[in-house]
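Secondary and tertiary structure notes
The chain contents come next:
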Amino acid sequence: MISKFNAEQIAQIEALRLASTPNRKKREYNQIEFLKETENAYVFFAACPNLISQDVAPGGIVVYIDKIDGHIWQTNEFEHKVKQTPHLQTV
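All of the points below concern the structure found in this document. (Residues numbered from 1 in each chain as written. Predicted model: local features only at pLDDT ≥ 70, side-chain atom pairs only at ≥ 80, totals over all residues. Heavy atoms only, no water.)

Bringing the overall build of the protein chain into the picture now. What the protein chain contains, in helices and strands, is three helices and three strands. When its helices and strands are written in sequence order, the protein chain yields α-β-β-α-β-α. Out of the 91 residues in the protein chain, the part that is buried amounts to 40%. Put simply, of all contacts in the protein chain between residues at least 6 apart along the chain, 43% involve residues at least 24 apart. (Helix = DSSP H or I, 4+ residues; strand = E, 2+ residues; numbered from the N terminus. Buried < 20%, exposed > 50% of the residue type's maximum accessible area, 1.4 Å probe, protein only. Contact = heavy atoms within 4.5 Å.)

Listed below in structure tokens is the structure:
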């Protein structure tokens, strides 16, 4: 089981990586923050004030870190987990 502290370190690195991709490079993001804990993951969020002011959801970068081994959930894994655990859909 990974600690929330270690999960946050992983999420920070991933948020920086995602923020540097071509479609996000011109935007500014706040520092990653703990958003919530689910049964299977820690959820972190790096807000983008510009996106939030434009009412674009989710308004930043959301990173899910698996609580068991600390890997970053990929889109296909997230979709699979949501089908199994509908309360994940709130973010």
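Read across the open sheet, the three strands follow the order β1-β2-β3; overall the sheet is antiparallel. Looking along the sheet, the strands with just one partner apiece sit at the ends: β1 (33-37) and β3 (60-66). If you compare each strand with its neighbour and ignore which way they point, the axes differ by 25° on average. Two elements, strand β2 (residues 41-47) and β3, share seven bridges in a ladder whose sense is antiparallel. Considered in β3, the bridge of Phe-45 is made with Val-62. Contacts from helix α1 (residues 4-19) reach β1, β2 and β3 within the one sheet, and its direction differs from that of β3 by about 140°. (Pairing = 2+ DSSP bridges. Axes fitted to C-alpha atoms, helices over the stretch in contact; angles between N-to-C directions.)

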